[in-house]
Amino acid sequence: MRTVPCVLALLALTACATGPALENRGQVTAPPGDSHHLIIGSAGFTESDLLARMYAQLLNRAGYRTSVLTVSNRELYEPALESGQIDVVPEFAATFADWLNAKTHGAGAAPVGSPDLGATMKALRALATPRGLTVLPPGRAVDQNAFAVAADYARRHRLRTLGDLGASGLRVRLAAGDECVQRPYCAPGLRKVYGIDVTGVDPKGVGTTPAKQAVRDGRDQMVLTTTTDATLDQFGLVLLADDRHLQNADYVVPVVNRSRAGGAGVTKALGRLNEVLTTRDLADLTEQVDSWRRLPADVARAYLEDRGLPA
């Protein structure tokens, strides 16, 4: 597997690449393609890079030649995916659905991503198909917003879920990004859905070290992080379950260019990962890269071999 140093070329090409015109539905219904040299896109952060490397290695083992290309800006890699300059990208269902919806209907369009995975996937596929994209089935791994408290705080107040916290009547100062004040899946949602008494937002960022330290030290009571955060144990923190499903269904989904990678071979190869990769696995793999300083390609290879993929 080789990494392609062609970001500049991609930038030039995507300036005029928009994929299949939405009015030209004939291209969408053409037979799916099966190119044997596929470019896998990575969005540049650890999870995306790990997923891209696993996709590439699984496809290699299925007989495809692969290259991995990192393009951290979705505004660039999504048009490249439509035009076939990138063939496969790991995405997150609800986030990508909302992004495509805004691209199609304007920035003010009502969100289509939701906590309901089935509804989210239906909306996502309806938006992706006219653009020549195929969204493969989601796996078990999900990267959602999540909320953590100190483990001793949870034990003392018998908290396992966000519902427990709401019922407790405890006053909660939340360490998060400053946008949490307005976003419906953050402070407003915690108040509305769970009845949590959020007294304020301490703007320390999402899952940052200062945010976790503030909760560990008792200056704040809860931190906004993600379900794949592998560092919570280091700070003595535990996640509270989202038992009333406030967060959107951001399950990992491979998205492919139909005309180049929409065939059964790619679907089968990538589907093998869906059967084994869990949210906990993804967190552990991310920790190996971010904390242990292992190379994503090596971590991906070891994981696939440990899981016997392919058998």
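Before going into details, it helps to say that this report is about the structure given with it. Just so you know, the residues in each chain are numbered from 1, in the order the chain's sequence is written. Since the coordinates come from a predicted model, pLDDT governs what is reported: local features require at least 70, and pairs of side-chain atoms require 80 or more to be given and counted, while whole-chain, interface and lining totals use all residues. The basis for every side-chain value is the complete set of non-hydrogen atoms in the structure, without hydrogens or water.

Let us now look at the pairing of strand E9 (residues 222-226). The buried fraction of E9 amounts to 4 of the 5 residues, a majority that puts the element mostly inside the structure. Pairing of strand E6 (residues 145-150) with E9, which is carried by 4 bridges, proceeds in the antiparallel orientation. If you follow Ala146 over to E9, its bridge partner there is Thr225. With a 1.4 Å probe rolled over the protein chains alone, any residue whose accessible area is under 20% of its type maximum counts as buried; one over 50% counts as exposed, and the rest are partly exposed. We count a stretch as a helix when DSSP gives it H or I for four or more residues in a row; a strand needs E for two or more, and each element gets its number in order from the N terminus. Between any two strands, at least two bridges found by DSSP are needed for them to pair.

Only centres within 6.5 Å qualify two rings of Phe, Tyr or Trp (six-membered ring in Trp) as a pair; their planes then separate them into stacked at under 30 degrees, edge-to-face at over 60, and tilted for everything else. This model, assessed by the stated rule, comprises 2 aromatic pairs. Ring plane angle 10° and centroid distance 6.4 Å describe the contact between Phe96 and Trp99, whose orientation is recorded as stacked. Of the two residues, Phe96 and Trp99 both sit in helix H4 (residues 93-105), 3 residues apart, roughly one turn of that helix. No difference in accessibility class separates Phe96 from Trp99, as the two residues are buried.

Moving on: the sheet that holds strand E7 (residues 171-176). Judged by pairing direction, the sheet is mixed, and its 5 strands sit side by side in the order E8-E7-E9-E6-E10 without closing on themselves. Every other strand in the sheet has two partners, leaving strand E8 (197-203) and strand E10 (237-240) as the edge strands with one partner each. Ignoring which end each strand starts from, the neighbouring axes of this sheet average 40° apart. Judged from the 2 bridges that link them, E7 and E9 form a sheet pairing that is parallel. Pairing of Ala175 across the sheet is with Val223, part of E9. Helix-sheet contacts for helix H8 (residues 187-194) involve E6, E7, E8 and E9, and the interaxial angle to E8 is about 165°. It only takes one pair of heavy atoms within 4.5 Å for two residues to be counted as in contact. For every element, the axis is a line fit to its C-alpha atoms; helices are fit only across the contacting stretch, and the angle between N-to-C directions ranges from 0 to 180 degrees. Of the strands in this sheet, E6, E7, E8, E9 and E10 touch helix H9 (residues 209-216), which is tilted by about 140° from E9.

Turning to the packing of helix H2 (residues 46-61) against helix H11 (residues 264-274), a few remarks are in order. Viewed as axis vectors pointing N to C, H2 and H11 meet at an angle of 125°, and their least axial separation amounts to 9 Å. By the angle between their axes, H2 is oblique relative to H11. Classified by chirality, the crossing of H11 by H2 is right-handed. Contact residues: H2 offers Met54, Tyr55, Leu58 and Leu59, while H11 offers Val266, Ala269, Leu270 and Leu273. Per-class residue counts for the contact of H2 with H11 are 8 nonpolar, no polar and no charged. Just so you know how the angles are binned, under 35 degrees is roughly parallel, over 145 roughly antiparallel, 65 to 115 roughly perpendicular, and the rest oblique. Left-handed describes a crossing whose near helix is turned anticlockwise from the far helix through less than a right angle; right-handed describes the clockwise counterpart. Side-chain classes follow a simple rule in which Ala, Val, Leu, Ile, Met, Phe, Trp, Tyr, Cys and Pro form the nonpolar group, Asp, Glu, Lys and Arg form the charged group, and the remainder, Gly included, forms the polar group.

Tracing the sequence through the fold places Asn257 in strand E11 (residues 252-257). With 180 residues separating them along the chain, Asn257 and Tyr77 place their C-alpha atoms 12 Å apart. Sequence-distant contacts of Asn257, that is, excluding residues within four places in its chain, are made with Leu81, Glu82, Ser83, Gly84, Ile86, Asp87, Gly132, Leu133 and Gly262. Side-chain polar atoms of Asn257 contact the side chain of Ser259, separated by 2.7 Å. In protein, a polar contact requires one atom able to donate a hydrogen and another able to accept it; more generally it is a pair of N or O atoms within 3.5 Å, and residues adjacent in sequence count only if both atoms are side-chain atoms.

Right, let's get into unusual backbone geometry. Of the consecutive residues Leu309 and Pro310, the connecting peptide bond is found in the cis state with omega at -15°. In this structure, Arg158 takes a positive phi of about 55° despite not being glycine. The phi dihedral of His245 falls on the positive side, at around 55°, and the residue is not glycine. Of note, His245 is situated in the loop between E10 and E11.

Our next topic: the pattern of salt bridges. The salt bridge definition used is simple: a Lys or Arg side-chain nitrogen within 4 Å of an Asp or Glu carboxyl oxygen. Applying the stated rule across the entire model yields 18 salt bridges. Arg171 serves as the salt-bridge partner of Asp197, at 3.9 Å between the closest nitrogen and oxygen. Linking Asp197 in strand E8 with Arg171 in strand E7, this pair joins segments that are 26 residues apart in sequence. Owing to a relative accessible area of 33%, Asp197 belongs among the partly exposed residues under this scheme. By relative accessible area, which is 59% here, Arg171 ends up exposed.

Where H2 contacts helix H12 (residues 279-290), the two axes come as close as 10 Å, and the packing angle between them is 105°. In terms of axis orientation, H2 runs roughly perpendicular to H12. Mapping the contact onto sequence places Thr46, Glu47, Leu50, Leu51 and Met54 in H2 and Leu282, Leu285, Thr286, Val289 and Asp290 in H12. Among the residues making up the contact of H2 with H12, the classes are represented as 6 nonpolar, 2 polar and 2 charged.

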